Each structure stands twice: as structure tokens, then as C-alpha cells.
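Now for the letters of each chain:
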Amino acid sequence: MNHWDAIWLNVNLATLDGQSGTDPYGSVEDGAVAMLDGRIAWVGPRAALPAGWRAQVEHDCRGGWLTPGLIDCHTHLVYAGSRAAEFEQRLQGVSYEEIARAGGGILSTVRATRAAGERDLLRQSSARLAALLAEGVTTVEIKSGYGLDTATESRILGVARQLAAACAVEVKTTFLGAHALPPEYAGHADDYIDLVCEEMLPAIHAAGLADAVDAFCEGIGFSPQQTARVFERARSLGLPVKLHADQLSDLGGAALAAQHGALSADHLEYSSQASVDAMARAGTVAVLLPGAYYFLRETRLPPVAALCAALVPMALATDCNPGTSPCTSLLLMMNMACTLFRLTPAEALAGVTLHAARALGLQDQAGRIAPGLRADLALWEIERPAELAYAFGANPCVGRYHADTAVGTPA
Ligand code: NIG
Ligand code: FE
């Protein structure tokens, strides 16, 4: 019976499945993984393989480690231009918020993105995606939010869908129309929220361009009341929500997200204990973004101990964007989550696999090596899984396998 499309042998597994206190990686030394029709069909110790198995392709992993394909669950990677000049200003002491209030920041990227054609946007974004994939990423979330009008928001999400088709990667798209107030609505934020709810969101949903809806709840973004309106509209269309919450101040964003059953609340540096408790009750994932924390030279840490105590799952992501995290390395985020936020290397790996899948509503599809899940895998030339978070600037990825590429191809 056991005739498979592919098998991985001579390999150790960090399955992230059935994590226990003694082995948070769910390790199987000298294991085997088999794939049929793009799904994981068998996983376990090689010695326990059923007699008489056959596979069309045998991958010899040379004693390396196989993990679930990495999941970058929060990016803004489709945009045009760069904000290096603002980086220089910030290093001179001008704050991120001051730059935003002066019409720069997100709005400077909006100007560049509105002016860019689709081909140009695709070219600039493909380069960033390629860097992520080279580190074993098999699923990436991509937000809009640099268009702030229906045509440009649709173009950004359309480019995200094109990237999925071209690059053997699972892409989940998120509509972030409520990212900043476009200049044509200056002084009329409620009117812009009307536009988001009554025109942009329905149009983007009808075109099948959004898998979820996000907003930026902040002094320089939108109020909790405005955010709630976007969430209610999204939910009425059957779309899950997530939120940029408590990044620069505590507006109770994470609690608001939890009240709306959000998949995730992201950033969280200023989140209160009450917000943490609300997330725990709602099953909302905490997405930590150490790149933005680092690049903004933030000193207020997200409440990691409180999140752990409340058993809120913690995911990690690059937040790849031109203003607060011009970064395309999820491995670097794992290292920073350990050094800056005091996560363990095992928590960091769970943050870019198991919990990142949940942050996208994909927990039954990806994020673990387990029977029935997509055969999205990454192969690493390492001796133990902690090396993934330990080294920074290195890339030990030697294979990337995506379920839709028939039998899997090395990176
Ligand atoms: O996740 N804070 C809001 N959004 C982005 C930054 C966007 C930008 O500065 O271009 C973030 O940090
Ligand atoms: Fe972000």
C-alpha cells in the first residue's frame, strides 16, 4: 500500500508536533517523512517505516534537520521605494511619529507605491520575497496599506497573488486600508473609514483579493472606535481580522482585537495585563516583531512573561516594510527574539512555524510535520535545532520543499 510520491531519509526531524516539556522541538532523530499528493503521509523514526514502502523520489538529507517550512505571518513586502533618508533623519533624533505627522512615513511610501506600475511593484517585491524563501519560508502573509485608495490597494494585493503563483509559496493576503489617513482625507478620518468600509473592503472582497483584514490602531493611525468599525464590516463579510496593536502607545488595541475574535494582535510593546488576559480568553495569537522594536530603537519590551503565563501563543515575523523593519530575514528575527525578548530558541522556532500558522488560521494546514498537513518543509545543515536562532547572518538552509511543487525541489 505505502506508495508515496517522495520520502525524506537520513534526516533528523523537528516536527513541532506533540511538544513536551523535555523536548519542545518534537524531535525525531534518524527519522523519515513521506509525502503523497502534496500532504504528509507518514512521519516517524526510520526504523518504524512500514515494510514494503516505495517512493518515486528519495531525498537524502545527509544527516541534516528537517523542520516545517517557515511561516512569515506579518509582512508589508509589496511596496515601492525606500525610506533610507528617513532612517538618516531618525538617527539625527527625529522620531518616527514626528516624521509621520509631517507627511512622511507611511505616506511617503504611499506616494511611491501609487506612482509605481504593476510590473515595477512586482519586480521590487519579488526580490524581497526571494530573500525570505532562501531561508526556508514556505508561507508568507502580505498586507496592502500603501495604496489607501481602491485601485492601488487592489494592485498591491493583486501583485501579492501573482507572487504566489510565480514563486511556489503559499501567500495569505491581508487588506490594510486603515493603515494611515491618505492626504485627500486629511482632517476627515471618519469619512475615510466610511470609504474603507463601504467601498474599498466590499470591492476587494468581491475580487477575492483579501484573506483577512488589518488596521493600525494608534495615535498616528486610527482610533479604537474607527478600528472597531472596520472590524465589524470585515466580520459581516466573513473575513477574519488582525491588528497592529499597542506598538507606540496603549490604546487597548490588543483587547479590542481579542473582543472581535482576531486571529492575532501584532507588536504589543505597550499592551496591558488586561489586554493579555483578553487575548488569552479569545485565543488570539501574539505576533512579536523584534525587527520593528530594534529599528525604532524602542526600549519598552512586549509583555513576554505575561503572555507566557497566560499561555498566549507567541508568533514571530519580519514585519518586512520600508519604515520600521526593512528586513527579509526570519532567521534574524528568531535570533533577535531570543536576545532582545528572551524567548528560548525552541520558542523562536515555534514562533515561525506552529504559532505563525495559527496567526494565519492555518493551524490545520501548516506549521508542523504531521500526517495530513501540507508537505511544506525546510532542510537545514545544522547539528541541533537551536542553531537556527543562535547564528545571525548565516543561512544554513539547504532545501525548501513546497507542497504544490509535485515532489519537492531543493532550494
Ligand atoms: O508594522 N506601524 C504600522 N505599520 C508598519 C510600519 C509601516 C511604515 O512605517 O511604513 C509596522 O510597523
Ligand atoms: Fe506591520
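Bear in mind the structure is a predicted one, so any value in this text is a computation, not a measurement.

Visitor: What is the right way to read the sheet that holds strand β12 (residues 314–316) from this model?
Guide: Here we have 8 strands laid out as an open sheet, ordered β5-β6-β7-β8-β9-β10-β11-β12, and parallel in their pairing. Of all the strands in the sheet, the pair left with one neighbour each is β5 (70–72) and β12. Strand-to-strand twist of the sheet, defined as the mean angle between neighbouring strand axes without regard to direction, takes the value 25°. Bridge analysis of strand β7 (residues 170–178) against strand β8 (residues 212–217) gives 3 bridges, and the strand direction is parallel. Among the inter-strand pairings, Phe175 is bridged to a residue of β8, identified as Val213.

Visitor: Mind showing me how you'd approach the nonpolar core here?
Guide: Nonpolar side chains in soluble globular proteins tend to end up buried together. By size, the foremost hydrophobic cluster in this structure holds 101 residues, and its most contacted members are Leu77, Val78, Val140, Phe175, Leu288, Met334 and Leu349. Contact partners of Met334, with chain neighbours within four places excluded, come to Leu316, Ala348, Leu349, Val352, Leu388 and Ala389. Counting 15 residues, the second largest nonpolar core, distinct from the first, contains Ala6, Leu13, Ala375 and Leu377.

Visitor: Please clarify how the pattern of salt bridges should be interpreted in this entry.
Guide: Oppositely charged side chains are able to pair whenever their charged atoms sit close together. Evaluated as defined, the whole model comprises 14 salt bridges. Its salt-bridge partner being Arg83, residue Glu86 comes within 2.7 Å of it at the nearest N-O pair. Each of the two residues, Glu86 as well as Arg83, counts as buried. Between Arg229 and Asp194 there is a salt bridge, with its nearest N and O atoms 2.4 Å apart. Of this pair, Arg229 sits in helix α7 (residues 224–236) while Asp194 sits in helix α6 (residues 189–206); the two residues are 35 residues apart in sequence, bridging distant segments of the chain. Overall, the relative accessible area of 33% leaves Asp194 in the partly exposed class. One network of salt bridges, in which partners are shared, links Glu170, Arg374, Asp376 and Asp404.

Visitor: Explanation requested: the coordination of the iron ion (ligand 2) in the structure shown.
Guide: For the iron ion (ligand 2), the full set of protein donor atoms is His74 (NE2), His76 (NE2), His244 (NE2) and Asp319 (OD), and the range of their distances to it is 2.1 to 2.2 Å. Look at where the donors of the iron ion (ligand 2) fall in the sequence and you get H-x1-H-x167-H-x74-D. A residue pair is termed long-range when its members are at least 10 positions apart, and His74 in the loop between β5 and α1 (84–91) and His244 in strand β9 (residues 242–245) qualify at 170 residues. Neither His74 nor His244 differs from the other in exposure class; each is buried.

Visitor: What am I meant to see in the packing of α6 against α7 here?
Guide: Two packed helices can be described by the angle between their axes and the distance between those axes. Where α6 contacts α7, the axes come no closer than 10 Å and their chain directions differ by 15°. Accordingly, the angle class assigned to the pair α6 and α7 is roughly parallel. Seen from above, α6 lies across α7 with right-handed handedness. Across the interface between the two elements, Ala189, Asp190, Ile193, Asp194, Val196, Cys197, Glu198, Leu201 and Pro202 of α6 pack against Gln226, Arg229, Val230, Arg233 and Ala234 of α7. Tallied by class, residues from the contact of α6 with α7 come to 8 nonpolar, 1 polar and 5 charged.

Visitor: I would appreciate a short explanation of the environment of Ala359 in the present structure.
Guide: For Ala359, the position within the fold is in helix α14 (residues 354–359). Judged by its relative accessible area of 0%, Ala359 falls in the buried class. Each C-alpha atom, one on Ala359 and one on Arg161, is 19 Å from the other, the two residues being 198 residues apart in sequence. What Ala359 contacts, discounting residues up to four positions off in sequence, is Cys73, Lys242, Leu263, Ser264, Val285 and Val287.

Visitor: I tried to follow helix α5 (residues 150–167) on my own but got confused; where do I start?
Guide: Counting along an α-helix, one turn takes 3.6 residues, and residues three or four places apart therefore face a common direction. With 18 residues, α5 should reach 26 Å at 1.5 Å per residue; the first-to-last C-alpha distance of 26 Å fits that figure. By the burial criterion, the buried members of α5 are Thr150, Thr152, Glu153, Ile156, Leu157, Gly158, Val159, Ala160 and Leu163. Looking at the packing, one finds that the buried side of α5 touches α3 (106–115), α4 (118–133), β6 (137–143), β7 and α6. Looking one or two residues past α5, Ala168 carries a phi angle of roughly 50°, positive in sign.

Visitor: Honestly, unusual backbone geometry in this entry has me stumped. Any pointers?
Guide: Excluding glycine, most residues fall at negative phi; most peptide bonds, likewise, are trans. The phi dihedral of Asp246 is positive, around 55°, even though this residue is not glycine. You can see Asp246 is positioned in the loop between β9 and α8 (253–259). The buried category is assigned to Asp246, whose relative accessible area is 1%. One non-glycine residue with positive phi stands out, namely His267, at about 90°. The topology assignment puts His267 in strand β10 (residues 264–267).

Visitor: How should I be thinking about the sheet that holds strand β1 (residues 3–14) in this particular structure?
Guide: For sheets, the rule is that strands pair by backbone hydrogen bonds, running either parallel or antiparallel. One open sheet accounts for 6 strands, arranged β3-β2-β1-β4-β13-β14; its pairing is mixed. Each edge of the open sheet carries a strand with a single partner, namely β3 (39–45) and β14 (397–401). The mean angle between the axes of side-by-side strands here comes to 30°, regardless of whether they run parallel or antiparallel. Across 6 bridges, the pairing between strand β2 (residues 27–36) and β3 is antiparallel. Its bridge partner being in β3, Ala34 is matched across the sheet by Trp42.

Visitor: Looking at this structure, I do not really get the site of ligand 1. What am I missing?
Guide: As a matter of local geometry, ligand 1 sits amid 15 residues, with Arg83, Tyr96, Tyr146, Gln247 and Thr324 nearest to it. Here an oxygen atom of ligand 1 and a side-chain polar atom of Arg83 are 2.7 Å apart. Residue His267 places a side-chain N or O atom 3.0 Å away from an oxygen atom belonging to ligand 1. Surface burial for ligand 1 is 100%, taken as the share of its 330 Å² of free accessible area covered by protein chains. Looking at the shell around ligand 1 residue by residue, the class counts come to 4 nonpolar, 9 polar and 2 charged.

Each value, and the rule that gives it
Residues numbered from 1 in each chain as written. Chains lettered and ligands numbered in written order. Predicted model: local features only at pLDDT ≥ 70, side-chain atom pairs only at ≥ 80, totals over all residues. Heavy atoms only, no water. Pairing = 2+ DSSP bridges. Helix = DSSP H or I, 4+ residues; strand = E, 2+ residues; numbered from the N terminus. Axes fitted to C-alpha atoms, helices over the stretch in contact; angles between N-to-C directions. Core = buried A, V, L, I, M, F, W, Y, C linked by side-chain atoms within 4.5 Å. Buried < 20%, exposed > 50% of the residue type's maximum accessible area, 1.4 Å probe, protein only. Contact = heavy atoms within 4.5 Å. Salt bridge = Lys/Arg side-chain N within 4 Å of Asp/Glu carboxyl O. Donors = N, O, S within 2.8 Å, 3.2 Å for Na, K, Ca; no water. Parallel < 35°, antiparallel > 145°, perpendicular 65-115°, else oblique. Left-handed = near helix turned anticlockwise from the far one by under 90°. Nonpolar A, V, L, I, M, F, W, Y, C, P; charged D, E, K, R; others polar. Expected span 1.5 Å × (residues − 1). Near = heavy atom within 4 Å. Polar contact = N/O pair within 3.5 Å; in protein donor to acceptor, adjacent residues only side chain to side chain. Areas by Shrake-Rupley, 256 points an atom, 1.4 Å probe, with all protein chains shown as cover.

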